[in-house]
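Commentary on secondary and tertiary structure
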Amino acid sequence: MNETAHIAGSPRAKRGGPAPRVGMVSLGCPKALVDSERILTQLRTEGYAISPDYDGADVVLVNTCGFLDSAKAESLEAIGEALAENGRVIVTGCMGADEAAIRAVHPNVLAVTGPHQYEQVVEAVHEALPPAHDPLIDLAPPQGIKLTPRHYAYVKISEGCNHNCSFCIIPSMRGRLASRPAARIMYEAERLVATGAKELLVISQDTSAYGVDLKHAESKYRDRPVRAHMTDLARELGTLGAWVRLHYVYPYPHVDGVIEHMAADGALAGAGKILPYLDIPFQHASADVLRAMKRPAHQEKTLDRIRSWRRQCPDLTIRSSFVVGFPGESEADFEELLDWLSEAQLDRVGCFAYENVEGAAANDLPGHVADELKQERKARLLEHQRAISAARLARFEGRTLDVLIDQVDADGAIGRSMADAPEIDGQVFIDGEGARTLPVGDFARVTIDEASDYDLYGTLARD
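Below is a summary of the structure that appears in this document. (Residues numbered from 1 in each chain as written. Predicted model: local features only at pLDDT ≥ 70, side-chain atom pairs only at ≥ 80, totals over all residues. Heavy atoms only, no water.)

1. As for the overall build of the protein chain
Along the backbone of the protein chain there are 12 helices and 20 strands. For 463 residues, the compact-globule estimate of 2.2 N^0.38 gives 23 Å, and the protein chain sits close to it at 23 Å. A principal-axis box enclosing the C-alpha atoms of the protein chain has dimensions of 65 × 60 × 50 Å. Looking at the protein chain as a whole, 55% of its 463 residues qualify as buried. For the protein chain, the exposed area adds up to about 19300 Å²; of that, 50% sits on carbon and sulfur atoms. Both charge centroids of the protein chain, one from 49 positive and one from 68 negative side chains, sit 6 Å from each other. (Helix = DSSP H or I, 4+ residues; strand = E, 2+ residues; numbered from the N terminus. Rg over C-alpha atoms; globule rule 2.2 N^0.38 Å. Buried < 20%, exposed > 50% of the residue type's maximum accessible area, 1.4 Å probe, protein only. Areas by Shrake-Rupley, 256 points an atom, 1.4 Å probe, with all protein chains shown as cover. Lys, Arg positive; Asp, Glu negative; His and termini not counted. Charge placed at Lys NZ, Arg CZ, Asp CG, Glu CD.)

2. So, the packing of aromatic side chains
Inspection of every chain in the model, using the stated rule, returns 10 aromatic pairs. With centroids separated by 6.4 Å and ring planes inclined at 25 degrees, the aromatic side chains of F282 and F322 adopt a geometry described as stacked. Of this pair, F282 sits in the loop between strand 13 (277–279) and helix 9 (287–293) while F322 sits in strand 14 (residues 317–324), placing them 40 residues apart in sequence. When the centroid spacing of 5.4 Å and the interplanar angle of 15 degrees are considered together, the rings of F429 and Y457 count as stacked. Highlighted residues: F429 in strand 18 (residues 428–431) and Y457 in strand 20 (residues 456–460), separated in sequence by 28 residues. Residue Y457 is classed as partly exposed on the basis of its relative accessible area of 33%. The structure contains a cluster of three or more aromatic residues connected by ring pairs, namely F167, F326 and Y354. Directly above the aromatic system of Y277 lies the positively charged group of R245, at a separation of 4.6 Å from the ring centroid. The cationic tip of R416 hangs over the ring face of Y152; the distance from NZ or CZ to the ring centre is 5.2 Å. (Phe/Tyr/Trp six-rings, centres within 6.5 Å; stacked < 30°, edge-to-face > 60°. Lys NZ or Arg CZ within 6 Å of the ring centre and 35° of its normal.)

3. A look at helix 12 (residues 371–393)
Taking 1.5 Å of rise per residue, the 23 residues of helix 12 would be expected to cover 33 Å, and the 32 Å separating its terminal C-alpha atoms lies within 8% of that figure. If you check which residues of helix 12 are buried, you get K374, R377, L381, Q385, I388, S389, R392 and L393. (Expected span 1.5 Å × (residues − 1).)

4. Brief notes about the pattern of salt bridges
Tallying each qualifying case throughout the model produces 36 salt bridges. Several salt bridges share partner residues, and in doing so they unite R310, D315, D347, R392, R395 and R399 into one network. (Salt bridge = Lys/Arg side-chain N within 4 Å of Asp/Glu carboxyl O.)

5. As for unusual backbone geometry
At K215, a residue that is not glycine, the phi angle is positive and equals roughly 55 degrees. In this structure, K215 sits in the loop between strand 9 (199–203) and strand 10 (218–221). Taking the relative accessible area as the measure of exposure, K215 reaches 75% and is therefore exposed.

6. Some words on the environment of I259
By the secondary structure assignment, I259 is in helix 8 (residues 256–259). Looking at I259, the relative accessible area reads 2%, which means it is buried. With 53 residues separating them in the primary sequence, I259 and Q312 have C-alpha atoms 7.3 Å apart. Here I259 is in contact with L278, W309, Q312, C313 and L316, once residues within four sequence places are set aside. (Contact = heavy atoms within 4.5 Å.)

7. Considerations on the sheet that holds strand 16 (residues 400–409)
Working definition: the strands of a sheet are paired by backbone hydrogen bonds and lie parallel or antiparallel to each other. Ordered by their spatial adjacency, 5 strands build a closed barrel running 16-17-18-20-19, and the pairing between neighbours is mixed. Adjacent strand axes in the sheet meet at a mean angle of 50 degrees when their direction is disregarded. Pairing geometry for strand 16 and strand 19 (residues 443–451), over 5 bridges, is antiparallel. Across the sheet, the residue bridging to D402 is R445, located in strand 19. (Pairing = 2+ DSSP bridges. Axes fitted to C-alpha atoms, helices over the stretch in contact; angles between N-to-C directions.)

In structure tokens, the structure reads:
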């Protein structure tokens, strides 16, 4: 089963016959992955077993992505595959907000629910596949069912978004900002660390806006109040003894207060530090394009802020994503973006060619860019950034870093440094006989011998 929950050895109920088995195909971003984990956790507590393949499942859940047309096509393809391989399919997730579009292609799905509608999904499973007789048998582990390896986990701190970007329909799909109380987040993070998580990846639509809707209200964690604010939450998460990595951070002024808590020397976050890493969705640099996108158009101020951050924390890694070929983007706008990248010296960059999104205001803007030109600009941007990324990574050559081990095979070990988020950034390749015996999920001290455009290569440090 492609992109399914690979959870081996799910036990059957101890009495009353085999436990009903549910399969999961989870598509899209880490936020959708967390939704899948919550759904599976709830089902597991009710006595359902989790199947790692279509054949072993009594029903299959497909958590869809619906942001871009290409993502919708992938979701429809995944639904079709699940129907062909299993026949009993429940659809949820972002594309589930448009049930008519799904049923127009796949009329035989059992049920369709929208994003983060956990109760409705579970009810649909109950109707299609009644729970085991005794729902208290084989309860889920304390951290819930995770679709990530044991040693790292995503922590979602809020749902929805208050921005009205012209190219995005997230607010209409997932609603306005809805933050979780800080204490609830802290107890979840504490359980994850207690059960083996060495890295916590903080995610939301806008991490910098966390708690605005709650008016930054306090909630009690371990007999002390914790404010629902990004800086307070980051500081508290940094005390749990795991790496803490911040994603989807907008460069608001209060982000300055987080930098001082970042570990600038490569040490583990167990010392009460946040990783020197920010994932910031800049999207573009041209003031005209940013205004058309309905995003903040103060990139000069942003450059000043980046310089200030790096003065405080020289090892700060900044990754971002950009959209090229936005309606009205001129060659001058694109060249301005390239010049801005040269100034900003970002460490990691992703690039997307603009696509219309059904229901987005940008669809009606004048000056749509030809597809061929979009792809040409995307290639130019990635080539331009390649040299910047290589120069930034070169600073690690000769240094010894803490590396979290993700994989071990006959050739050695593969892990990630403080500069690398899983699946979207580079990796650290560790050579040598000792590397082949490293436990997955442990930290290793690695001396970096070589850096490429995106990856690092090294050997175990001699202590």
